[in-house]
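Working through the structure, step by step
Below are the chains, spelled out letter by letter.
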Amino acid sequence: MRKIPFFNYPDVFTRFEKELTEIILNVCRNGAFIMQKELESFENNLAQYTTSPFALGVANATDGLIIALRAADIGPGDEVIFCSHTMVATAASIAMVGAKPVPVEVGFGRTIDVESIEPAITPRTKAIIPTQLNGRISDMDSIMIIANKYKLIVIEDAAQALGARYKNNSAGTFGFASAISFFPAKVLGAFGDGGAVLCADKEVYERLYRLRDHGRGSDREIVEWSGNTRLDNLQAAVLDFKLKHYHNDVTRRRDIARKYSTRLGIIPEIGLPPGPDENPDYFDIYQNYEIEAEDREKLQAYLIKKDIGTLRQWDGKAVHQWRKLGLKVSLPRTEKFFTRCLLIPMNMTVTDDDIDYICECVSSFYK
Ligand SMILES: Cc1ncc(COP(=O)(O)O)c(C=O)c1O
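Residues numbered from 1 in each chain as written. Predicted model: local features only at pLDDT ≥ 70, side-chain atom pairs only at ≥ 80, totals over all residues.

Looking only at helices and strands, the protein chain has 13 helices and 13 strands in total. With the principal axes as the frame, the protein chain shows a C-alpha extent of 65 × 55 × 40 Å. Looking at the protein chain residue by residue over its 367 residues, the buried ones come to 46%. In the protein chain, 67% of the contacts between residues at least 6 apart in sequence involve partners at least 24 apart. (Helix = DSSP H or I, 4+ residues; strand = E, 2+ residues; numbered from the N terminus. Buried ≥ 20, exposed ≤ 12 C-beta atoms within 10 Å, placed from the backbone. Contact = placed C-beta atoms within 7 Å.)

Among the nonpolar cores identified, the biggest contains 101 residues, and Ala 68, Ala 127, Val 154, Ile 155 and Val 197 are the most heavily contacted of them. Of all the elements, helix 4 (residues 61-71) adds the most residues to this core, at seven residues. Each of domain 1 (11-243) and domain 2 (246-366) gives at least three residues to this core. (Core = buried A, V, L, I, M, F, W, Y, C linked by C-beta atoms within 7 Å. Domains from an automatic or database assignment.)

Strand order in the open sheet made by the three strands is 7-6-11, with antiparallel pairing throughout. Edge positions in the open sheet fall to strand 7 (169-170) and strand 11 (282-283), since each of these has one partner strand only. Where strand 6 (residues 165-166) lies against strand 11, two bridges are found, and the strand directions are antiparallel. Pairing of Tyr 166 across the sheet is with Tyr 282, part of strand 11. (Pairing = 2+ DSSP bridges.)

Strand pairing in a sheet takes place through backbone hydrogen bonds and is either antiparallel or parallel in direction. Reading across the sheet, the seven strands line up as 1-9-8-5-4-2-3 and stay open at both edges, with mixed pairing between neighbours. Pairing within the sheet leaves two strands with one partner each, and these edge strands are strand 1 (54-58) and strand 3 (100-104). The sheet shows a mean angle of 25 degrees between the axes of neighbouring strands, direction not considered. With four bridges connecting them, strand 2 (residues 79-83) and strand 4 (residues 125-129) associate as parallel partners. (Axes fitted to C-alpha atoms, helices over the stretch in contact; angles between N-to-C directions.)

With respect to spatial proximity, 15 residues lie near the ligand, and among them Asn 60, Ala 61, Thr 62, Ala 159 and Ser 181 are the closest. Counting only elements with at least two residues in the shell around the ligand, the list comes to helix 4 and helix 5 (88-96). Partitioned by chemical class, the residues of the shell around the ligand number five nonpolar, eight polar and two charged. (Near = placed C-beta within 6 Å. Nonpolar A, V, L, I, M, F, W, Y, C, P; charged D, E, K, R; others polar.)

To continue, consider the domain arrangement of the protein chain. Segmenting the protein chain into domains produces domain 1 (11-243) and domain 2 (246-366). Relative to domain 2, the C-alpha centre of domain 1 lies at a distance of 24 Å. Listed as interface residues are 31 residues of domain 1 and, on the opposing side, 28 residues of domain 2. Sorting the residues of the side of domain 1 that touches domain 2 by element identifies helix 5, strand 3, strand 6 and helix 9 (233-243) as the ones contributing at least two each. When grouped by side-chain class, the residues that make up the side of domain 1 that touches domain 2 number 14 nonpolar, eight polar and nine charged.

The next point concerns unusual backbone geometry. Most of the time, phi is negative for any residue but glycine, and the peptide bond is trans. Of note in this structure, Met 35 is not a glycine but carries a positive phi near 45 degrees. Here Met 35 shows up in the loop between helix 2 (17-30) and helix 3 (37-50).

Turning our eyes to something else, we now look at helix 4. Taken across its eleven residues, helix 4 has ten buried, putting it largely inside the fold. Listing the buried residues of helix 4 in full gives Ala 61, Thr 62, Asp 63, Gly 64, Leu 65, Ile 66, Ile 67, Ala 68, Leu 69 and Ala 71. In this structure, the buried side of helix 4 is in contact with strand 1, helix 5, strand 5 (153-157), strand 8 (177-181), strand 9 (195-199) and helix 8 (202-212).

Counting buried residues along strand 1, four of its five residues qualify, which places the element largely inside the surrounding structure. Where strand 1 lies against strand 9, five bridges are found, and the strand directions are antiparallel. Paired with Phe 54 across the strands is Cys 199, a residue of strand 9.

For the rest of this paragraph, the subject is the pairing of strand 9. Here is the key point about a regular strand: its side chains alternate between the two faces of the sheet. Counting buried positions over the five residues of strand 9 gives five, a clear majority of the element. By the alternation rule, side chains of strand 9 split into Gly 195, Val 197 and Cys 199 and Ala 196 and Leu 198, which are all buried.

Attention now moves to the environment of Glu 221. With respect to the helices and strands, the residue Glu 221 is situated in the loop between helix 8 and helix 9. C-beta crowding within 10 Å serves as the criterion here: with 9 such atoms nearby, Glu 221 is assigned to the exposed category. Expressed as a C-alpha distance, the spacing of Glu 221 and Lys 37, which sit 184 residues apart in the sequence, is 21 Å.

Here is the structure:
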């Protein structure tokens, strides 16, 4: 019988096993483990790919958000608005610099509801962190208008959106700075943790450069307190190789999304994310494919029986729903969404036959 895992972790390595083995052996034989030419090459190629003037490898996207917030001098007494449908890391980064995370509703396309931003602004609001969720960019025109009106800093959580575009601008290039994740299940997946920050301003870049490496500048002068959040050179070498094939991955994912749109779009009990050809302003990379489903629990159980892996993002809760974190707000639309949302397989090992099978199973469940 067909078995479709939600994500096939060994594929992160096995798809290019021969080439990647060679790359790893080379780095190890050269003893080039920390901040070597492979990292520099990856940073240059990433900057070029995203059209960002500067890209800097970091240990993970959470650290990337933290150093971006620090570089923006955000700290105690400040408030930062974010969409509650995101990884806890977005909010945690705000809390880790001593500021107050202010969650707002999810809107169309599973990104931040721009209508909820202005009512959440107070005299203490310093920044907005839109999450470019599931490989789709938020409505950045509206966000930038609000940010300019209230003089707010925009830091993008682009952890899930490398290569996504909005009106031909790449994810991560809209605001003060942004963070990208290379967690293994990301479209560009490392062999462990990894991340990057992007920014356009040279001074911001220099500050980020110091914040990732013990407060030390490129001249090795230590000028402020910081920790260590460097991207390993070995990971950088792997990612640099994979970036060359990234375009193919995105094309395939958009193709899978197109198939899901056609096949699942006719089932009235299912709500779909925007399709790849729906709006020319958006180029989504489909890090995830997140449906809304009636009788979600039963559908998920049915798909498990059919050997189809699914996932409730963030263990089934929006950030404000983790009560012990103390974000005492009610966000009814987001809470309703979280009773219905489900990720279905979207990755490079899913075949066209698998997609047919998944769509048939979903259809037969509702029949
Ligand atoms: C939206 C979002 N933000 C932040 C992160 C954190 O990324 P990392 O695991 O690289 O710290 C993730 C990772 O899953 C994410 O999906």
